[in-house]
Amino acid sequence: MRTSRNPKCNTPNCHSRHAYRLWTPSSKCPAGNRGRVHIPSAASSEDNLPGPQGAFAPGQEAAARQGLFNRIAPVYDELNNTLSFGQHWVWKQMTVKWSGARPGNRALDVCCGSGDLAFLLARAVGPRGEVTGLDFAAEMLEDAAARQDAQRLESLPPKAANVTWVQGDAMSLPFEAASFDAATMGYGLRNVSDIPAALSELHRVLRPGCSAAILDFNNCTDPFTDAVQAFFLERLVVPAARRYGLSAEYEYLRPSIKRFPTGSELERLARQAGFATSRYYPIGFDLMGVLVATKGR
């Protein structure tokens, strides 16, 4: 697989069967650390929260969450499609549209996972554009690279840009300032350990006038919607994951959502990170949401 130039790393590396660029963060930003998660002051004891051990413990969350995503990688796509009844594709297409990606653009998908948003971006920017997918979980990047190999065999001539896969940190992106025309993030901001830092990095790498579109679960304040979300996660998602031996990994979802900023809080955090405008769009019956933040010209 072709790799493109990484401004902070000039040597491509190979991992297992697929080649993608590995970036090693500095000692000030440990590998696999997506930042510090927003933690409400009234949060219960970290030890009493469900999910993998250490997922909410300060100083341990990065390694715990990196391990979590590596473990769920083999069934991630299948569970997403089944549990969302295929609707996650609609939400992701909306996210790419709101990012403003256009033919010939250079686009970035942060916390790319197995590549869904990156592949949609690749179609949006076309064969003359460039797309980079960044994640901290090596197993997710392996799946993304394998999916791209399969898609490439099915599409001649190419109708989409090649995607370069980068293992790195959302809190310290290994790219020059003002180097992307559009950015997306799907279900990643909730998992960073420092949300303001991750938003600041998105702002830094975007060109003036360009936008980032961030899709995630909505921490809805409406009691009915919140109850529906809780029922869906606890009665449907976790039992489905249990069949794959991943109940703890998916029990993590509910507390991570409740500790995630609300839509209005995300808008405020984006403006504090430097974005000129920010707007939060609840979607999927308010169970999901997309934050669209645009950098000033």
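Residues numbered from 1 in each chain as written. Predicted model: local features only at pLDDT ≥ 70, side-chain atom pairs only at ≥ 80, totals over all residues. Heavy atoms only, no water.

1. Remarks on helix 3 (residues 88-99)
One full turn of an α-helix is made of 3.6 residues, so residues set three or four places apart face in the same direction.
Alright, step 1. The end-to-end C-alpha separation of helix 3 is 17 Å, in line with the 16 Å expected for twelve residues at 1.5 Å each.
Alright, step 2. Listed in full, the buried residues belonging to helix 3 are His88, Trp91, Lys92, Thr95, Val96 and Ser99. With its buried residues spanning 135° around the axis, helix 3 presents them on a single face.
Alright, step 3. Where helix 3 ends, the next residue or the one after it, Gly100, has phi of about 80°, a positive value. (Helix = DSSP H or I, 4+ residues; strand = E, 2+ residues; numbered from the N terminus. Expected span 1.5 Å × (residues − 1). Buried < 20%, exposed > 50% of the residue type's maximum accessible area, 1.4 Å probe, protein only. Arc of directions from axis to C-beta.)

2. Brief notes about the packing of helix 3 against helix 4 (residues 116-125)
Alright, step 1. Where helix 3 meets helix 4, the axes come as close as 10 Å, and the angle between the chain directions of the two elements is 50°. Between helix 3 and helix 4, the angle is such that the two are oblique. Viewed along their axes, helix 3 and helix 4 form a crossing whose handedness is right-handed. Of the residues in helix 4, those in contact with His88, Trp89, Lys92, Gln93, Thr95, Val96 and Ser99 of helix 3 are Asp116, Leu117, Leu120, Leu121 and Ala124.
Alright, step 2. A breakdown of the residues in the contact of helix 3 with helix 4 according to their chemical character gives six nonpolar, four polar and two charged. (Axes fitted to C-alpha atoms, helices over the stretch in contact; angles between N-to-C directions. Parallel < 35°, antiparallel > 145°, perpendicular 65-115°, else oblique. Left-handed = near helix turned anticlockwise from the far one by under 90°. Contact = heavy atoms within 4.5 Å. Nonpolar A, V, L, I, M, F, W, Y, C, P; charged D, E, K, R; others polar.)

3. Remarks on the confidence of the model for the protein chain
Alright, step 1. For the protein chain, the mean per-residue pLDDT works out to 80, and 74% of the residues sit at or above 70.
Alright, step 2. Confidence over residues 1-45 falls short of pLDDT 50; this stretch has 114 contacts with residues more than four positions distant or in other chains. (pLDDT = per-residue confidence, 0-100.)

4. Observations concerning the side chain of Asp194
Alright, step 1. Topologically, Asp194 is positioned in the loop between strand 6 (180-186) and helix 6 (195-205).
Alright, step 2. Judged by relative accessible area, which is 16%, Asp194 ranks as buried.
Alright, step 3. For Asp194, the side chain forms a polar contact with the main-chain nitrogen of Ala197, separated by 3.1 Å. (Polar contact = N/O pair within 3.5 Å; in protein donor to acceptor, adjacent residues only side chain to side chain.)

5. As for the pattern of salt bridges
Alright, step 1. Applying the stated rule across the entire model yields nine salt bridges.
Alright, step 2. For Arg152, the salt bridge goes to Asp149, with nearest N and O atoms at 3.2 Å. With Arg152 and Asp149 both in helix 5 (residues 138-154) and three residues apart, this pair spans about one turn of that helix.
Alright, step 3. Owing to a relative accessible area of 35%, Arg152 belongs among the partly exposed residues under this scheme.
Alright, step 4. Here Asp226 ties to Arg254 by a salt bridge, and the two come within 3.1 Å at their closest N and O atoms. Pair noted here: Asp226 is in helix 7 (residues 223-242) and Arg254 is in helix 9 (residues 253-258), with a separation of 28 residues, a long-range link. An identical accessibility class is assigned to Asp226 and Arg254; each is buried. (Salt bridge = Lys/Arg side-chain N within 4 Å of Asp/Glu carboxyl O.)

6. Quick notes on the pairing of strand 7 (residues 206-217)
Alright, step 1. Within strand 7, nine of the twelve residues are buried, leaving the element largely enclosed by the surrounding structure.
Alright, step 2. With six bridges joining them, strand 6 and strand 7 adopt parallel strand pairing. Of the residues in strand 7, the one forming a bridge with Gly186 is Leu215.
Alright, step 3. In this fold, strand 6 hands off to helix 6, which returns the chain to strand 7; that crossover is right-handed.
Alright, step 4. Taken together, the seven bridges between strand 7 and strand 9 (residues 288-294) define a ladder with antiparallel strand orientation. Opposite Asp216, over in strand 9, you have Gly289 as the bridge partner. (Pairing = 2+ DSSP bridges. Right-handed = clockwise from strand over helix to strand, strands pointing away.)

7. Observations concerning the packing of aromatic side chains
Alright, step 1. As enumerated under the stated definition, the model contains four aromatic pairs in all.
Alright, step 2. Consider the rings of Phe119 and Trp165, whose centres lie 5.6 Å apart with planes at 80°: the pair is edge-to-face. Taken as a pair, Phe119 in helix 4 and Trp165 in strand 5 (residues 163-167) lie far apart in primary sequence, 46 residues in all.
Alright, step 3. Aromatic pair Tyr187 and Phe217: ring centres 5.6 Å apart, planes at 65°, arrangement edge-to-face. Of this pair, Tyr187 sits in the loop between strand 6 and helix 6 while Phe217 sits in strand 7; the two residues are 30 residues apart in sequence, bridging distant segments of the chain. (Phe/Tyr/Trp six-rings, centres within 6.5 Å; stacked < 30°, edge-to-face > 60°.)

8. As for unusual backbone geometry
Alright, step 1. With a phi close to 60°, Cys111 is a non-glycine residue in the positive phi region.
Alright, step 2. Inspection of the secondary structure puts Cys111 in the loop between strand 3 (106-110) and helix 4.
Alright, step 3. If you check the backbone angles, Phe285 has positive phi at about 60° while not being a glycine.
Alright, step 4. Relative to the helices and strands, Phe285 is located in the loop between strand 8 (277-283) and strand 9.

9. With respect to the nonpolar core
Most often, soluble globular proteins keep nonpolar side chains buried together rather than apart.
Alright, step 1. In this structure, Leu108, Val110, Phe175, Leu189, Leu199 and Leu202 are the most contacted members of the largest nonpolar core, which totals 31 residues.
Alright, step 2. Listing elements by their share of this core, those giving two or more residues are strand 3, strand 6, helix 6, strand 7, helix 10 (263-272) and strand 9.
Alright, step 3. Ranked by the residues each element gives to this core, the list is headed by helix 6, at five residues.
Alright, step 4. Tyr187, Leu233, Ile283 and Met288 belong to the second-largest nonpolar core, a separate cluster that totals 20 residues. (Core = buried A, V, L, I, M, F, W, Y, C linked by side-chain atoms within 4.5 Å.)

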